[in-house]
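Survey of secondary and tertiary structure
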Amino acid sequence: QVKDLLLEIEQTKRLSIQKITLYQKQVNTLRDIMKNYMVQIDSLNRRNQILMAENIEVKEQAKRVESKNVQLSQEKEELEKNLKIAAVLEATNLTATGLNNRNKDTHFANRTTLIRINFSLSKNITAPRGAKNIYVRIMRPDQLLLIKSPGNVFQFEDLKIPYSAMREVNYEGNDLPVAIYWDNEGEPYMTGNYTIDVFADGHNIGTTTLTLK
């Protein structure tokens, strides 16, 4: 029995040594795998840091591009605004004169049969060319507008407003002399100051006054 027990102990001992050796090999293998994982994790961490830095740079670039786009958009709006302002026509040398029945200048209301409005559309290379309607509003001394018909209106800003007289001209970008007449059709003119406004392309392009005694 003692011999059998010693033999069994010896066999168990050899088996334990084999298992321990196997376990050691497995542990060593796991250590090698862990080392490899650690290397990969370290590499991934470094790559992640690089990607984070690149992401921050991309975001900064995107912000700079967005800021530049906003600036360009503002500059475009300002340029378009300036072009619109530059394209507005101007009535230069604007005068209003009373004419008698012989088409001679007069300053007397009781001799006036016509009011002549003279001006020049100034040279403007940015203004649209072609046919243009020129509107005149003549305000009497009592602040009533001289009109022929309530239906004679034109677009000014967001409103349709009445006009006294209108003339169509063909504008080609150069100085263009224009004369527009108002006929009171036999009605007597009031004495006092008349205010005359000239409009083109939806803009007030000039104002003058006429005094009749």
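Residues numbered from 1 in each chain as written. Predicted model: local features only at pLDDT ≥ 70, side-chain atom pairs only at ≥ 80, totals over all residues. Heavy atoms only, no water.

Re the layout of surface pockets
So the rule is basically this: Method remark: on a 1 Å grid restricted to protein atoms, a set of points is classed as a cavity if a 1.4 Å probe fits but cannot get out and as a pocket if it is open with protein on both sides within 12 Å along at least five of seven lines; lining residues have an atom within 4 Å of a point. Grid points are joined across faces, edges and corners, and a volume is the space filled by probe spheres set on the points. For this scheme, ten residues count as nonpolar: Ala, Val, Leu, Ile, Met, Phe, Trp, Tyr, Cys and Pro. Four count as charged, namely Asp, Glu, Lys and Arg, and the remainder, Gly too, count as polar.
In this structure, the largest pocket spans a volume of roughly 150 Å³. If you trace the largest pocket, you find 13 residues lining it, with Arg140, Leu146, Asn184, Glu187 and Pro188 closest to the centre. Split by residue class, the lining of the largest pocket holds 7 nonpolar, 1 polar and 5 charged.

Some remarks on the sheet that holds strand β10 (residues 203–212)
Let me state the cut-off plainly: Two strands qualify as a pair provided that DSSP identifies no fewer than 2 bridges between them. Secondary structure counts use DSSP, requiring at least four H or I residues in a row for a helix and at least two E residues in a row for a strand, with both numbered from the N terminus. Axis angles are defined between N-to-C directions and span 0 to 180 degrees, where every axis is a line fitted to C-alpha atoms and, for a helix, only to the segment in contact.
Spatially, β7-β4-β9-β10 is the arrangement adopted by the 4 strands of the open sheet, whose pairing is antiparallel. With one partner strand each, in any of the chains shown, β7 (165–171) and β10 form the two edges of the open sheet. On average, adjacent strands in this sheet sit at an angle of 25° to one another, irrespective of strand direction. Bridge analysis of strand β4 (residues 130–139) against β7 gives 7 bridges, and the strand direction is antiparallel. Looking across to β7, one finds that Tyr135 is bridged to Met166.

Some thoughts on a nonpolar patch on the surface
In plain terms, the rule: Distance thresholds for patches are 9 Å for like charges and 5 Å for nonpolar side chains (Val, Leu, Ile, Met, Phe, Trp, Tyr), applied to residues having over 30% relative accessible area and no salt bridge. Surface accessibility follows the Shrake-Rupley procedure with a 1.4 Å probe radius. Residue values consider only the protein chains on display as shielding. The rule for a salt bridge is simple: a side-chain nitrogen of Lys or Arg has to be within 4 Å of a carboxyl oxygen of Asp or Glu.
A contiguous nonpolar patch, built from Leu30, Ile33, Met34, Tyr37, Met38 and Ile41 and spanning about 590 Å² of accessible area, is present on the exposed surface. By secondary structure assignment, the location of Met38 is in helix α1 (residues 2–87).

Regarding the pattern of salt bridges
How we decide: For the exposure calls, accessible area comes from a 1.4 Å probe over protein chains only, and a residue counts as buried if that area is under 20% of its type's maximum, exposed if over 50%, partly exposed in between.
Applying the stated criterion across every chain yields a total of 5 salt bridges. We note a salt bridge from Arg46 to Asp42, for which the minimum N-O separation is 2.0 Å. Taken together, the residues span about one helical turn, with Arg46 and Asp42 both in helix α1 at a distance of 4 residues. On the basis of relative accessible area, Arg46 is assigned to the partly exposed category, the value being 44%. When the shortest N-O distance is used, the salt bridge between Arg116 and Asp105 registers 3.4 Å. Of this pair, Arg116 sits in strand β3 (residues 114–121) while Asp105 is found in strand β2 (residues 105–106), placing the two residues 11 residues apart along the sequence. Take Asp105: its relative accessible area is 53%, and that puts it in the exposed class.

Digging into the sheet that holds strand β8 (residues 176–183)
With antiparallel pairing, 4 strands are arranged side by side in an open sheet as β2-β1-β3-β8. On the outer flanks of this sheet lie β2 and β8, each paired with one strand and no other. The pairing of strand β1 (residues 91–99) with β2 spans 2 bridges and is antiparallel. Each bridged residue has a counterpart across the sheet, and for Leu99 the counterpart in β2 is Asp105.

What about the confidence of the model for the chain?
Cut-off, in case you're wondering: Known as pLDDT, the predictor's per-residue confidence is scaled from 0 to 100.
On average, residues of the chain score 85 in pLDDT, and 91% of them are at 70 or above. At the low end of the mean pLDDT range in the chain sits α1, at 74; at the high end sits strand β9 (residues 192–200), at 95.

Overview of the packing of aromatic side chains
Applied cut-off: Working definition: rings of Phe, Tyr and Trp (its six-membered ring) pair if their centres are within 6.5 Å, and the pair is stacked with planes under 30 degrees apart, edge-to-face with planes over 60 apart, and tilted otherwise.
Counted by the stated rule, this structure contains 6 aromatic pairs. Seen from their ring centres, Tyr135 and Phe154 are 4.4 Å apart, and the 10° between their planes marks the pair as stacked. In this pair, Tyr135 is assigned in strand β4 and Phe154 in strand β5 (residues 153–156), connecting sequence segments 19 residues apart. Phe154 shares its class with Tyr135; the two are buried. Taking the centre distance of 5.1 Å and the plane angle of 55° together, the rings of Phe154 and Phe199 count as tilted. With Phe154 in strand β5 and Phe199 in strand β9, the pair connects residues that are 45 residues apart, well separated along the chain. For Phe154, a relative accessible area of 5% puts it in the buried group. Of the residues examined, Phe199 reaches a relative accessible area of 4% and is grouped as buried.

As for the nonpolar core
Applicable threshold: Take the buried Ala, Val, Leu, Ile, Met, Phe, Trp, Tyr and Cys residues and link them wherever side-chain atoms come within 4.5 Å; each set so joined is a nonpolar core. Only heavy atoms matter for contacts: two residues are in contact if any of them lie within 4.5 Å across the pair.
Counting residues in each nonpolar core, the largest one holds 28 residues, and the members touching the most others are Ile117, Phe119, Leu121 and Ile138. Mapped by element, the contributors of at least two residues to this core are β1, β3, β4, β7, β8, β9 and β10. Excluding its chain neighbours within four sequence positions, the residues that come into contact with Ile138 are Ile115, Ile117, Leu144, Leu145, Leu146, Ser164, Trp182, Tyr194, Thr195 and Ile196. With 6 residues, the next largest nonpolar core counts Tyr135, Phe156, Ile161 and Phe199 among its residues.

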